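Each chain, written out:
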Amino acid sequence: MNKSKTAIVTGSSSGFGKAISEMLLSEGYKVYGLARRVDRLKKMERKNSNFVGYGIDLGDKVAIVKFFKSIKSIDINLLVNNAGLALGAAPYDQMSLEDTDTMIEINILSLVHVTRHFLKCKGENKYIINIGSVAGNYAYPNNNIYGGTKAFVNHFSRNLRSDLVSKNIRVTSIEPGLAKTEFSVVRLKNDKEKAKSIYKNTEYIRPKDIALIVKDLICLPLHLNINSIEVVPTSQACGPLLIQRSK
Ligand code: 8X3
C-alpha cells in the first residue's frame, strides 16, 4: 500500500483516467482528478473521500496555473498525463483545421504545461506516467495529426528521462493500441454505431487493463525506471507497409 501518496490524473472522469484514478484510490493514494465533466467528478468524489475533482478545460493554460496554485502547499508524487483525444479519421487534406488544433492543444500543449507545473510541485520520488499510443510509433492511414501528437508524447517522455535522470524523477510512457473507451465515439463525432463497429469481432484493451499496468509500475522498486510499454490486444499487430500501384 502507498498510504501517504498523492497523484494528479488528467482526464480522470472516463476511460483510462477513471480506471487509473480508481485503482490509485484503492492503493491508498489521494487523487486530484482533472476533467471537464464536473458532474462525473462529483460522482467520483461521493464514492471516495480521497478523490478531489477539479473541473477544468485543459486547453486553458491560465486554468492549469490556477489549479497548481491551489495545491502549492501539497506534496505530489505521481502525475498521470492521460487526457488526450483523436478528432476525425480522414486523410490530412480532408481534416478540419479546428480538430487539428484541438488535438495539438490537448495532446501536446496541455500535457507539457501540466508536466512543467508538476515538476515545480513539492514531493518526493516523483513519477510521471504519460499515456501515449501505438499511433505514435507506427504510421497508418488517417492518423496524421493524432499519430503525430502521440509520437510527441512517446518521445517527449524519453527526452524527459534524459533531463530528469539527475533529479531521480521517473518517467514512463504507456503506448496502448486498440482500446474500448469513449475514444472512438469522440473521434467519430458521436456516431455510436460506427464506433461500435470498430470493436466488432475482435479483442481490445479495457481501461482496467491500463490501470493494472499503472498499478504494477507504481509498485516497482524506486531504483527502476520502465521507459516505455507498448501494449496491444492479442488480436492487433503491425501490418505490411502500403504499396501504391498504378492500374
Ligand atoms: C489509438 C490506437 O490502435 O486504436 O491510440 O489506432 S489505435
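Relevant structure appears above.
Just so it is clear, the structure is predicted and the values come from calculations on it, not from any experiment. Along each chain, the written sequence defines residue order, and numbers are assigned to residues from 1. Only residues with pLDDT of at least 70 get local features here, since the model is predicted, and only at 80 or more are side-chain atom pairs given and counted; chain-wide, interface and lining totals rely on the full set of residues. Only hydrogens and water are set aside; all other atoms, that is, all heavy atoms of the structure, feed into the side-chain values.

Asks: Outline the overall build of the chain, supporting the account with residue identities and numerical values.
Replies: A run of H or I in DSSP becomes a helix once it reaches four residues, and a run of E becomes a strand once it reaches two; helices and strands are each numbered from the N terminus. Counting its regular elements, the chain contains eight helices and seven strands. As a reference, a globule follows 2.2 Å times the number of residues to the power 0.38, and the radius of gyration itself is taken over C-alpha atoms. Scaling as 2.2 N^0.38, a compact globule of 247 residues should have a C-alpha radius of gyration of about 18 Å, and the chain matches this with 18 Å. Along the three orthogonal principal directions, the C-alpha set of the chain runs to about 65 × 40 × 35 Å. Each residue is assigned to one of three classes by its accessible area relative to the maximum for its type, calculated with a 1.4 Å probe on protein chains only: buried under 20%, partly exposed between the two thresholds, exposed over 50%. A total of 247 residues make up the chain; the buried ones form 45% of that total. Surface accessibility in these figures is a Shrake-Rupley result with a 1.4 Å probe; residues are shielded only by whichever protein chains are displayed. When the accessible surface of the chain is split by element, carbon and sulfur atoms take 53% of a total near 13,300 Å². When charges are counted, Lys and Arg contribute as positive and Asp and Glu as negative, whereas His and the chain ends are disregarded. To locate a charge, take atom NZ for lysine, CZ for arginine, CG for aspartate or CD for glutamate. Looking at charge distribution, the chain has the averaged site of its 36 positive side-chain charges lying 3 Å from that of its 22 negative ones.

Asks: Now, about the site of the ligand: what can you tell me, with residues and values included?
Replies: Near, as used in this document, describes a residue that has one of its heavy atoms within 4 Å of the molecule or strand being considered. Within the structure, the ligand sits among Ser-133, Val-134, Tyr-140, Tyr-146, Pro-176, Gly-177, Leu-178, Phe-183 and Gln-236. Polar contact is the term for a pair of N or O atoms within 3.5 Å; when the atoms are in protein, one must be able to donate a hydrogen and the other to accept it, and sequence-neighboring residues count only if both atoms are side-chain atoms. A distance of 2.7 Å is found between an oxygen atom of the ligand and a side-chain nitrogen or oxygen belonging to Ser-133. If the ligand stood free it would expose 250 Å²; the protein chains cover 87% of that surface. Gly is put with the polar residues, along with every residue not named as nonpolar or charged; the nonpolar set is Ala, Val, Leu, Ile, Met, Phe, Trp, Tyr, Cys and Pro, and the charged set is Asp, Glu, Lys and Arg. Here the shell around the ligand is built from residues that sort into six nonpolar, three polar and no charged.

Asks: How would you summarise helix α5 (residues 144–164) if you had to cite specific residues and measurements?
Replies: Compared with the 30 Å implied by 1.5 Å per residue over 21 residues, the 30 Å span of α5 between its first and last C-alpha is a close match. All buried positions along α5 are accounted for by Ile-145, Tyr-146, Gly-147, Thr-149, Lys-150, Val-153, Asn-154, Phe-156, Ser-157, Leu-160 and Leu-164. Here, residues are in contact when the closest pair of their heavy atoms is within 4.5 Å. Its buried side turned inward, α5 meets α4 (97–120), β5 (127–131), β6 (170–176) and α6 (183–187). Here the expected length of a helix is defined as 1.5 Å per residue gap, with one fewer gap than residues.

Asks: Describe the packing of helix α3 (residues 61–70) against α4, and please don't skip the residues or the numbers.
Replies: Note on definitions: angles span 0 to 180 degrees between N-to-C directions of axes, and those axes are lines fitted to C-alpha atoms, for helices only across the stretch in contact. Contact pair α3 / α4: the axes reach a minimum separation of 10 Å and the direction vectors enclose 25°. Viewed along their axes, α3 and α4 adopt a mutual orientation that is roughly parallel. For the crossing formed where α3 meets α4, the hand is right-handed. Each of Lys-61, Ile-64, Val-65 and Phe-68 in α3 lies in contact with α4, whose residues at this interface are Leu-109, Ser-110, His-113, Val-114, His-117 and Phe-118. Residue composition of the contact of α3 with α4, by class: six nonpolar, three polar and one charged. Our angle categories are set so that under 35 degrees counts as roughly parallel, over 145 as roughly antiparallel, 65 to 115 as roughly perpendicular, and the remainder as oblique. A crossing counts as left-handed when the near helix is turned anticlockwise from the far one by less than a right angle, and as right-handed when that turn is clockwise.

Asks: Describe in detail the environment of Ser-96, supporting the description with residues and values.
Replies: In this fold, Ser-96 is placed in the loop between β4 (78–81) and α4. Taking relative accessible area as the criterion, Ser-96 reaches 33% and is therefore assigned partly exposed. For the pair Ser-96 and Ile-198, spaced 102 residues apart in sequence, the C-alpha separation works out to 22 Å. Within the local environment of Ser-96, its side chain forms a polar contact with the backbone nitrogen of Glu-98, the two atoms lying 3.3 Å apart.

Asks: Kindly report on helix α8 (residues 207–219), identifying the contributing residues and their values.
Replies: Counted at 1.5 Å a residue, the expected span for α8 with its 13 residues is 18 Å, and the 19 Å between its end C-alpha atoms agrees. Taken as a whole, α8 has its buried residues at Ile-210, Ala-211, Ile-213, Val-214, Leu-217 and Ile-218. Down the axis of α8, the buried side of the element spans an arc of 160°, and every buried residue falls inside it. Exposed positions of α8 whose direction lies more than 90 degrees from the buried face are Lys-208, Leu-212 and Asp-216. Considering only its buried residues, α8 is in contact with α1 (15–26), β4, β5, β6 and β7 (228–231). Each C-beta atom gives one direction from the helix axis, and the arc is the one those directions make.

Asks: Lay out the sheet that holds β6 with the relevant residues and their values.
Replies: Any two strands with at least two DSSP-identified bridges between them are counted as paired. Spatial strand order, β3-β2-β1-β4-β5-β6-β7: seven strands in an open sheet with parallel pairing. Only two strands of the sheet have a single neighbouring strand rather than two, namely β3 (51–55) and β7. Mean inter-strand twist for the sheet, computed between neighbouring axes without regard to direction, equals 15°. Pairing of β4 with β5, which is carried by four bridges, proceeds in the parallel orientation. Its bridge partner lying in β5, Leu-79 is registered against Ile-128. Contacts from α1 reach β1 (6–10), β2 (30–35), β3, β4, β5 and β6, with the element oriented near 170° to β1. Packing of helix α2 (residues 38–47) onto the sheet brings it into contact with β2 and β3, and relative to β3 it is tilted by some 170°.

Asks: I'd like a description of the packing of α1 against α8, backed by residues and values.
Replies: Interaxial distance between α1 and α8 falls to 8 Å at its minimum, and their mutual angle equals 45°. Classified by the angle their axes make, α1 and α8 are oblique. Here α1 runs over α8; the crossing is right-handed. Residue-level contacts link Gly-15, Phe-16, Ala-19, Ile-20, Met-23 and Leu-24 of α1 to Pro-207, Lys-208, Ile-210, Ala-211, Val-214, Lys-215 and Ile-218 of α8. Here the contact of α1 with α8 is composed, by residue class, of ten nonpolar, one polar and two charged.

All quantities given are derived from atomic positions and should not be read as evidence of function.
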